[in-house]
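One-letter residues, chain by chain:
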Amino acid sequence: MANICTNERRNQCNGFRRRPQFGQWMWCIILKCLISLPCIFSSCHGVNISVTLVPSGMIYIPYGDPLDILCIAEEGRAEDLEFYHGGEPLDSEIVNATARRLFRKNIEKQVTMYYCHNNATNKKCTTRVLVDGPPSNVTNFSCISKNLDELNCTWPHIEKYSTTNYTMSYMFQNRLTKSSPAKLIGNTWSCVWTTTTEPAYRQVEEYYFIQLKACNYFGCNRQNFTIDHFAIVKPDKPSNLKIIGNNTHSVQLQWNIPNNMVDLLQSVVHKIEYQIAKIDNTSYFRTVDTSHLPVKSKTYKFTLTDLPYAHMLYEVRIYIKSSFAKDDKYWSDFTYEFFTTASERPQRPPDTTVGAFAQSVYNDHNQYKRVVYVYWKQLEEYEEGADNFTYKVVATQNSRRPQTLLPDKNKSLSYVILQNASLDAIDVYIWSTNDIGSSENGSHLFIPSKKDTEALSVPSFTKLAYENGTYKLSWIGIEGIDNYTLFWCQHNSTQICAGRMNFTVLDPNKNTHVIHLPRENRYQFAISANSGFKTSGMTWASCDISKDAIPMYGFPVKLDHDAPGTTYVKINWTMSCTLQEGIIIGYVLNYCPVLDTSTVCDQSYGNKSQLRYINDPNQKEINITDLKPYRTYQFWLQMDTTYGLKTIENALTGVTTTEDTPSSPRNVKISDVQYNSLNISWDPPLHKNGIIWEYKILNYGKEFIKKSEKVPVNDKDNTRSLVIGDNLIKPYTNYSLSVKACNAAIDKCSEPSPKFGIFVRTRIGPPSQIKTPSANVNSGTLKWERPSHFGGIVDHYQIKRIKDDGNTAEYITTTDLEYHLIYCEGAELSESYQVRAVNLDTDPNHGILEHGDVILPDENDKGPGKFEGEWSDKSSVTCGSRDGITMTLILLAVFAIIGVMYGSIKLYKKVRKMEDIKPVLPNGLGIPEKESKYVYGGLYSTNKDEKPSSDEMLLLPNSRTTVSTPENKQNTDNNCGSSEHTDSTALSDTSRGPIERHASTSDDGSDSSLHLEVEPIRADDNNASHDEEDSSNSETDNSRGNSPYLNDNNFKKNPSGYVQSVVNPGSGYVQSAPAPHKSPLAQPTTQPTSSSYVMAALSPPIFTTGVAPPTIPSQPPASSGYVRPEDAQAKSMMNFPKLGPSPTKVFGSESLPTMPTLPQPVKHGADSSYIQLQSLDALTSHKQPVRSNVPLKPTASSGYVSPGDAVINKHLNNMLSGGTLAEESAILDPTMSPDAYCRFSWSTDPANDNLHSLLTDSHTLKSSKN
């Protein structure tokens, strides 16, 4: 078709178009249009889909006409087209190369879909076909007038295919009114006219002639209907119904009817019904004759009479309808009212009969009394007559005052209880009573004495119940009676008629009776034997046997059991009711496990109970085994009788077996395995055998964790699960987990499940924290240990380096346990290092291994992939201060202090070497000191425990020298040539003991001392002598203060800072206290520092201090030459700690004698005026002396003797005094030990010899020694 409509036509048209003839051109256009006509319409519902249907759109076919549809293909051939209906292909014929036709005759009414499918293009075109005719006649057309307010006509909807529209009109004055459209409500058409519609509802028209018009696509249909207007009226219900008069058995009613019924309707009829509450069935109403009521009235009154019961609730209903209406559907809705008739006193007393009492005897303080239940048959409720209905009972016992009783309404109105009744006869009267009054008559009941009732007692009374409500009663007959009275009421366990009691009188010759009662209830029975005024009273049936499937309720059987075990129990029973021989064939004991404390069998053990049959009627016990531990079982007994198998009421007992070891948990599984947790789940044991108090999780057979809970024995299906975490699960660790259930009551646990555990290895996780790494700055390495727990296969380690506590960290990755790096590179203050291990998770199962019920992670669970352990503690390396300022300042300050100290010490040493005028004399010539001497060349004081030398003591006026012994010589510690420098301790006049020689300091630092024993000599009369301790312990100021001759004040500081001796200017001798003077200060002569000599005597100006000493009244004259005791202490040269008193400089260094080991002194002239002192120990011809056991001071390095050594020795003292002690040797006595002397020389020029001056001016030459 496409070729025809396009290419072929275009070629033909093109050929015609080239010709100039006009006619041929027109023929081309006409031909093109004719050929293209199918293409113009080749669309389906306006959409070009290569296939179309003709006719297009909805196809309407009148019923009886054929179906004819043409399908045209724009693309493809006719063979490619196919018609379908309801999914099934239809036969069609080919019209041409591109069209196919569907033709059907006698098609049924329908509305359906047809479509044509183009198989070449897989496109289809659909059309809807409606086959129908004009509307048919409606059926069940009806109209109803609602209270003459509106007219509503309805008819059912019957059209299935076409859409039909209905309109309705009626004839008025021989012409049709305007049509009113009908509405479809559900499946019913309705057209309503009211007084306000157009056309309006005409209420007074007796007949309506209605035309109904129905139209659809195929045509219209008209129907005519005639309606009897007043016969179709349904009035509204009556209104204002009320009770205007009320009596005991009648009431007067009043009501109104609707206004339209009064004004427009000619007549109405009424229907009145009433119902008695609690008597009539709810669907039953009693009808009243209303024919005497007027047919037309606004208000109606009616007296409802013959009401049977006073004080009874009634319901009354009133209906109305048109008198022309024939159908009951036109009755109006009812109006109703409830009312209660007026009250009255009861019309009769309750019925009672002889023997209608039950009694029991008891002993009250040795007096027998009885409790009597008095019964009667209650009145029906409709007979009560008023509110507060009850019964009044008056009982008279002999001559006692009558006792009035009322029944307990909360229990029953069928009886009263006579408490503390006597054993004598009792007269009882019973009345019915209410608020209005009591019944006119009363019922009488005579109760014989206890003795008379016992004579007629029925010994046995049995009830046999049948399933259909029939009861067979039997008893042992009694002779000589008038009759029996049979009582019955609804059954209860107390054998008291709580409900309504009934009775009947039986012939005295009978001992059985059959009675039929409603089977809906169970009943209990009693019987009494009567003879005249005597009666047995009520005897209740003791044996209650049932036939068929009814249980035996009143057959007393007690079922009991012994102490149960875990799987067994013994059941026994006893019966108090005896049946005839042969009735009982055997017993059936049934039992089953029950749910908790109920009597319902546990369905998990099956619906059927187990049973044991006992075929011996005399057997009363049985041992039941094969029970489950800790299960509650219900046992009940059945009796196999000749009437069949009977179930005995209340013949049952419950037993709970004891606990036992539970079975193993089931379905143990492990899931959600993480590196720090996992989930283990299980089902409770199939047989708990008690209460499971806890589950224990085992790891390789050892207890791992507990899950405590109380699992009830009936808990069957709840799966337990436990997430194990809390630092119990470690990453990449093997576990073998199992579960066992434990019963804490008996302290027993099940076998673990599974027996050998479920193996699982946890996921790869973070390694544990590494210990603090060690940093070796020298080798440039950082070392650490492996983590204690790997958490996987450690892939590498990370090093975090932070410089100067900054926020920026440098991260280094390595696989080794050490790393070489350059410390403090780019850091100024410090560097900190931390190390952590890192695991990479590249395993598809994330490192999990399993053997058993372990749920592996999902393939999509990628996990973090990387697990980093915790950083180790910091390892810090100090580099420098921040910005170099702080550390630089500290270092500069330290170096400055050290430099100042070092420079001060060097300067001090230099000055001392240059200006020291202290003579270096042999031992004994120095001034003794109490504490210590400064050691030049060191900052520490010497030993304080050394004693002054004997040579020093010889210079003291009050001291006396003892002859040296060989032992003393062996004990000597130093000589003149010794290198050690020690302090000399000033001895008091009371000192005793051996005096050791102390070393004198020469230029090279050697010390020598002569150790002699000194015997204390009495001092001046002004000084009191006293004994002191050993000289080695006399280090206090008292030692110096007790000497009246020597004092530190003898030496003063010169302006240069060095101490020099105070010399008398006139005599040249050292004075104890120079006299004050005002002459200019004499400057001391500075001697060369390189000289090793000490001047023996200096010119007077040299020893002046230049400072005027303070004037002290008690000091001796300056010319006396004595040294005060308080002046014997040396002044401190420098105020250094632990250095003791400062040494006093006595002489210049030029006067020091030269030592063999020192350089030669500078020559001052041909005539030398210097004494050269040299230690004899320094000479090669002398042996080294034996050291004393007294500790020595550290060696002085300055080469000078201390001021304390500047004391004239004993030999010089002998020269100054001009005599020699008897025990002492002469000066330079060659026979004495070499240790006692030093080689010295002095000038022969008297002008320069200070010793000569000393000898001349000394006052001691003329004074005697003490």
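Since the model is a prediction, treat every value here as computed from it, not as a measurement.

A. Summary view of the sheet that holds strand β9 (residues 123-132). One open sheet accounts for five strands, arranged β2-β9-β8-β4-β5; its pairing is mixed. Every interior strand has two partners, whereas the edge strands, β2 (59-62) and β5 (88-90), have only one. Each strand of the sheet is rotated relative to its neighbour by a mean of 35 degrees, with strand direction disregarded.

B. Geometry of the state of the cysteines. Under the defined criterion, the tally for this structure stands at seven disulfides. Between the sulfur of Cys-592 and that of Cys-601 lies a disulfide, 1.9 Å long from S to S. Given an S-S torsion of about -80 degrees, the disulfide between Cys-592 and Cys-601 has left-handed geometry. Since its relative accessible area comes to 17%, Cys-601 is described here as buried. Not engaged in a disulfide, the cysteine Cys-191 finds its nearest cysteine sulfur in Cys-153; these two sulfurs lie 6.9 Å apart. In this structure Cys-191 comes out as buried when scored by relative accessible area, which is 1%.

C. How the structure looks around unusual backbone geometry. In this structure, the amide linkage connecting Glu-198 to the following residue, Pro-199, adopts the cis form with an omega of 5 degrees. Locating Pro-199 in the fold gives a position in the loop between β15 (188-194) and β16 (207-216). With an omega of -10 degrees, the peptide bond between Ser-753 and Pro-754 qualifies as cis. Mapped onto the elements, Pro-754 comes out in strand β56 (residues 753-761). Of note, Asn-388 is a non-glycine position whose phi angle comes to about 55 degrees, a positive value.

D. Main features of a nonpolar patch on the surface. Where nonpolar side chains cluster on the molecular surface, the patch consists of Met-887, Ile-890, Leu-891, Val-894, Phe-895 and Ile-898 and spans about 550 Å² of accessible area. Within the fold, Leu-891 resides in helix α5 (residues 885-915).

E. Molecular detail of the pattern of salt bridges. Under the definition given, this model contains 19 salt bridges. The closest approach of N and O atoms between Asp-333 and Lys-234, which form a salt bridge, is 3.9 Å. Of this pair, Asp-333 sits in the loop between β24 (313-322) and β25 (335-340) while Lys-234 sits in strand β18 (residues 233-234); the two residues are 99 residues apart in sequence, bridging distant segments of the chain. Relative accessible area serves as the criterion here: at 26%, Lys-234 is assigned to the partly exposed category. Where Glu-868 meets Arg-836, a salt bridge forms, and the shortest distance between an N and an O atom there is 3.0 Å. Here Glu-868, found in strand β64 (residues 866-868), pairs with Arg-836, found in strand β62 (residues 830-840); they are 32 residues apart in sequence, far enough to count as distant. Bridged by salt links that share partners, the residues Asp-68, Glu-93 and Arg-101 form one connected network.

F. Summary view of the nonpolar core. Phe-141, Trp-155, Met-168, Ile-210, Trp-255 and Leu-304 are the most contacted members of the largest nonpolar core, which totals 51 residues. Those residues in contact with Leu-304, other than ones at most four positions away along the chain, are His-249, Ser-250, Val-251, Tyr-274, Val-288, Val-316 and Phe-339. Core analysis: the next-biggest nonpolar cluster, separate from the first, contains 22 residues, Val-668, Leu-678, Ile-697 and Val-760 among them.

G. Focus on the sheet that holds strand β27 (residues 368-375). Spatially, three strands are ordered β26-β27-β30 in an open sheet, and the strand pairing comes out antiparallel. Taken across any chain shown, the strands that pair with only one partner, and hence form the sheet edges, are β26 (357-363) and β30 (415-421). Between one strand axis and the next, the sheet turns through 15 degrees on average, direction left out of account. Of the strand pairs in this sheet, β26 and β27 are connected by seven bridges, and their pairing is antiparallel. Opposite Ala-358, over in β27, you have Tyr-373 as the bridge partner.

H. Region of the structure containing the pairing of strand β53 (residues 720-724). Of the two faces of β53, the one holding Arg-720, Leu-722 and Ile-724 is buried and the one holding Ser-721 and Val-723 is not buried anywhere. Relative to β53, strand β50 (residues 678-683) runs antiparallel, the two being bridged by five bridges. Note on β53: the bridge partner recorded for Leu-678 is Ile-724.

I. Molecular detail of the side chain of Thr-539. Examined against the element boundaries, Thr-539 turns out to sit in strand β40 (residues 539-540). Given the relative accessible area of 18%, Thr-539 is considered buried.

J. Quick peek at the packing of aromatic side chains. Summed over all chains, the structure comprises 39 aromatic pairs. Measuring from centroid to centroid gives 5.3 Å for Tyr-170 and Tyr-208, while their planes differ by 75 degrees, and the two rings are edge-to-face. One end of the pair, Tyr-170, is in strand β12 (residues 165-170); the other, Tyr-208, is in strand β16, with 38 residues separating them in the sequence. Since its relative accessible area comes to 1%, Tyr-170 is described here as buried. Here Tyr-208 falls in the buried class, since its relative accessible area comes to 2%. Ring centres 5.9 Å apart and planes at 50 degrees place the aromatic pair Phe-704 and Tyr-735 in the tilted group. A residue pair is termed long-range when its members are at least 10 positions apart, and Phe-704 in strand β52 (residues 702-711) and Tyr-735 in strand β54 (residues 734-743) qualify at 31 residues. Grouping residues by exposure puts Phe-704 and Tyr-735 together as buried. Through a chain of ring-to-ring contacts, three or more aromatic side chains come together here, namely Phe-141, Trp-155, Tyr-166, Trp-189 and Phe-225. Across the ring face of Phe-334, the terminal group of Arg-317 is positioned such that the distance to the ring centre comes to 4.2 Å.

Basis of the calculations
- Residues numbered from 1 in each chain as written.
- Predicted model: local features only at pLDDT ≥ 70, side-chain atom pairs only at ≥ 80, totals over all residues.
- Heavy atoms only, no water.
- Pairing = 2+ DSSP bridges.
- Helix = DSSP H or I, 4+ residues; strand = E, 2+ residues; numbered from the N terminus.
- Axes fitted to C-alpha atoms, helices over the stretch in contact; angles between N-to-C directions.
- Disulfide = S-S within 2.5 Å.
- Buried < 20%, exposed > 50% of the residue type's maximum accessible area, 1.4 Å probe, protein only.
- Patch = residues over 30% accessible without salt bridge, like charges linked within 9 Å, V, L, I, M, F, W, Y side chains within 5 Å.
- Areas by Shrake-Rupley, 256 points an atom, 1.4 Å probe, with all protein chains shown as cover.
- Salt bridge = Lys/Arg side-chain N within 4 Å of Asp/Glu carboxyl O.
- Core = buried A, V, L, I, M, F, W, Y, C linked by side-chain atoms within 4.5 Å.
- Contact = heavy atoms within 4.5 Å.
- Phe/Tyr/Trp six-rings, centres within 6.5 Å; stacked < 30°, edge-to-face > 60°.
- Lys NZ or Arg CZ within 6 Å of the ring centre and 35° of its normal.

Distances and angles like these do not, on their own, reveal function.
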